[in-house]
Amino acid sequence: MKNFLCICGQTLYFENTQCTSCHRLLGFDPERRALLALDPIYGEDSEAPESWSAADGGQLYQLCRNNIDHGVCNWLVSTPGLSYCLACGLNHIVPGVKSSYRQMQKRQWWASMEQAKRRLLYTLIALDLPVRSKTEDPGSGLAFAFLEDQRSNPLVREQHVLTGHAEGLITVNLAEADNAIRERARQRLGEPYRTLLGHFRHESGHYYFDKLIYREADLQDFRLLFGDERIDYERAIAAYYDVQDVVERRPDMISAYAQAHPLEDWAECWAHYLHMIDTLETAAEYGVVVQTEADSNWSLNIEACFAQWSQVSVMLNALNRSMGLEDAYPFVLSAQTLNKLRFVHRMIYPSWMPTQTEASAGTHP
């Protein structure tokens, strides 16, 4: 994630809603991938702004309805007639929020969900991956549902909501936004890493599997690396949870959960690919890594990404230990996992081919 600059010269960050220097309202334009300072446009008889103008060029915008009504979004609407931004237009179910304390807590959880979702979308857009709502594409569009179950709210109908993906709908249990609840789940399941952004990146991997891997040749390469995705999914997941406490993680797998099913292995590797490129963009922004133009072009140079990620992930863990925290990146990338990440890369950039050196080393399926 890169930083941005206000028109006044102040550094801005992705989640900012107001410049601390010139106090202009801020909004993110996903088409420009830019956080913009805004100037209000008033009508003749209106006390509230009718629209907003980008201070750097005059393009007109509307604020997203979820910004106006609930303060949970900082993305802009550039298409006349739409009420919601690109990110909020993907929402299928969101929590009801009112003025009571309980509802205000839910609004904070929802805001955390939206923040993680927008970070996911930032990366998907940067990778030029298709992001279309089910309104635009009912058959294969993307949608999100944030649901509670009776474990966190006895007044709702659902007894047990699982975070997951089905036919383009990514469902996330709203309780995952509660740090204490999420940490208890992490400990109970023996997971070294569990975050909201991690959930979104993982589940998006299931969605893009269906979008990107459809040619027979790609499916054959997938099966050589990950295994046969046609294995009964429900039975495999049940078997994994039956023995997860007694079976050690295979050292060539990116995580224990990746062992559950080839599709989960793919989703875990997909999430780690997104972890890498987003974190490396941040690291480059702060001078932690020095990138040439070729290095920063992942479509051409995935090997530079791996080399820089090795440097940055070691530094991240060392910094966390210095603060008395657990490792920020508690994973080891085996040679087999690197091959899987190269496969992910090739599915995103179909024109990429390994160099002769890489191919002779067996780094490509």
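Conventions adopted
Residues numbered from 1 in each chain as written. Predicted model: local features only at pLDDT ≥ 70, side-chain atom pairs only at ≥ 80, totals over all residues. Heavy atoms only, no water. Core = buried A, V, L, I, M, F, W, Y, C linked by side-chain atoms within 4.5 Å. Buried < 20%, exposed > 50% of the residue type's maximum accessible area, 1.4 Å probe, protein only. Contact = heavy atoms within 4.5 Å. Salt bridge = Lys/Arg side-chain N within 4 Å of Asp/Glu carboxyl O. Helix = DSSP H or I, 4+ residues; strand = E, 2+ residues; numbered from the N terminus. pLDDT = per-residue confidence, 0-100. Pairing = 2+ DSSP bridges. Expected span 1.5 Å × (residues − 1). Bend = angle between axes of the 7 residues up to and from the residue. Phe/Tyr/Trp six-rings, centres within 6.5 Å; stacked < 30°, edge-to-face > 60°. Lys NZ or Arg CZ within 6 Å of the ring centre and 35° of its normal. Axes fitted to C-alpha atoms, helices over the stretch in contact; angles between N-to-C directions.

On to the nonpolar core. In this structure, Trp 75, Leu 124, Ile 213, Trp 266, Trp 270, Tyr 273 and Ile 348 are the most contacted members of the largest nonpolar core, which totals 79 residues. Every residue in contact with Ile 213, bar those within four places of it in the chain, is listed here: Tyr 208, Asp 218, Leu 219, Phe 222, Trp 266, Phe 343 and Met 347. Counting eight residues, the second largest nonpolar core, distinct from the first, contains Ala 34, Ala 54, Leu 63 and Leu 76.

Right, let's get into the pattern of salt bridges. Opposite charge on two side chains lets them pair, provided their charged atoms get close. On inspection of all chains with the given rule, the structure shows 24 salt bridges. Arg 32 serves as the salt-bridge partner of Asp 56, at 2.7 Å between the closest nitrogen and oxygen. Here the residue Asp 56 occupies a position in the loop between strand 5 (51-54) and strand 6 (60-63), and Arg 32 occupies one in the loop between strand 3 (25-29) and strand 4 (34-41), the gap between them amounting to 24 residues. Residue Asp 56 is classed as partly exposed on the basis of its relative accessible area, which comes to 47%. Lys 117 is paired through a salt bridge with Glu 114; the nearest N and O atoms lie 2.9 Å apart. A residue pair is termed a helical-turn pair when its members lie 3 or 4 positions apart in one helix, as Lys 117 and Glu 114 do in helix 2 (residues 101-126) at three residues. On the accessibility criterion, Glu 114 (0% relative accessible area) is buried. In the salt-bridge network here, residues are joined through shared partners; they are Glu 216, Arg 223, Asp 228, Glu 229 and Arg 230.

The next subject is the confidence of the model for the chain. Model confidence for the chain is summarised by a mean pLDDT of 90, while 91% of its residues fall at 70 or above. Low pLDDT (under 50) marks residues 356-365, which in the prediction has 16 contacts with non-local residues, meaning those over four places away or in another chain.

A few words on the sheet that holds strand 4. Spatially, the five strands line up as an open sheet ordered 3-4-5-6-7, and their pairing is antiparallel. Edge positions in the sheet fall to strand 3 and strand 7 (76-77), since each has one partner strand and no second. Strand direction decides the pairing type here: strand 6 and strand 7, joined by two bridges, are antiparallel. Bridge pairing in strand 7 links Leu 63 to Leu 76.

So, about the environment of Met 1. Its location among the elements puts Met 1 in the segment before strand 1 (4-5). Overall, the relative accessible area of 5% leaves Met 1 in the buried class. Beyond its immediate sequence surroundings of up to four residues, Met 1 is in contact with Phe 14, Arg 119, Tyr 122, Asp 278, Glu 281 and Thr 282.

In this section: helix 4 (residues 196-212). Taking 1.5 Å as the rise per residue, helix 4 with 17 residues should run 24 Å; its terminal C-alpha atoms sit 24 Å apart, in good agreement. A bend of about 25 degrees at His 206 is the largest found in helix 4. Of all 17 residues that make up helix 4, 15 are buried, and the element is covered over most of its length.

Take the packing of aromatic side chains next. A full pass over the atoms with the stated rule returns 26 aromatic pairs. Ring geometry for Phe 4 against Phe 28: centres 6.1 Å apart, planes inclined by 70 degrees, an arrangement best described as edge-to-face. Remark: Phe 28 occurs in strand 3 and Phe 4 occurs in strand 1; sequence separation between them is 24 residues. Just above the ring of Tyr 122 sits the side chain of Arg 33; from NZ or CZ to the centre is 5.4 Å.

Moving on to the sheet that holds strand 10 (residues 164-166). One open sheet holds the four strands; their spatial order is 8-9-11-10, and the pairing between them is mixed. The open sheet has two edge strands, strand 8 (91-93) and strand 10, and neither has a second partner. Adjacent strand axes in the sheet meet at a mean angle of 25 degrees, parallel and antiparallel pairs treated alike. Both strand 10 and strand 11 (residues 169-173) contribute to a ladder of three bridges, which runs antiparallel.

We now examine helix 9 (residues 335-348). In an α-helix, one turn spans 3.6 residues; hence positions three or four apart end up facing the same way. If you check helix 9, its first and last C-alpha atoms are 20 Å apart, about what 14 residues at 1.5 Å a residue would give, namely 20 Å. The buried fraction of helix 9 amounts to 12 of the 14 residues, a majority that puts the element mostly inside the structure. Within the sequence span of helix 9, burial applies to Thr 337, Leu 338, Asn 339, Lys 340, Leu 341, Arg 342, Phe 343, Val 344, His 345, Arg 346, Met 347 and Ile 348. Contacts from the buried residues of helix 9 go to helix 4, helix 5 (216-226), helix 7 (262-285) and helix 8 (302-322).

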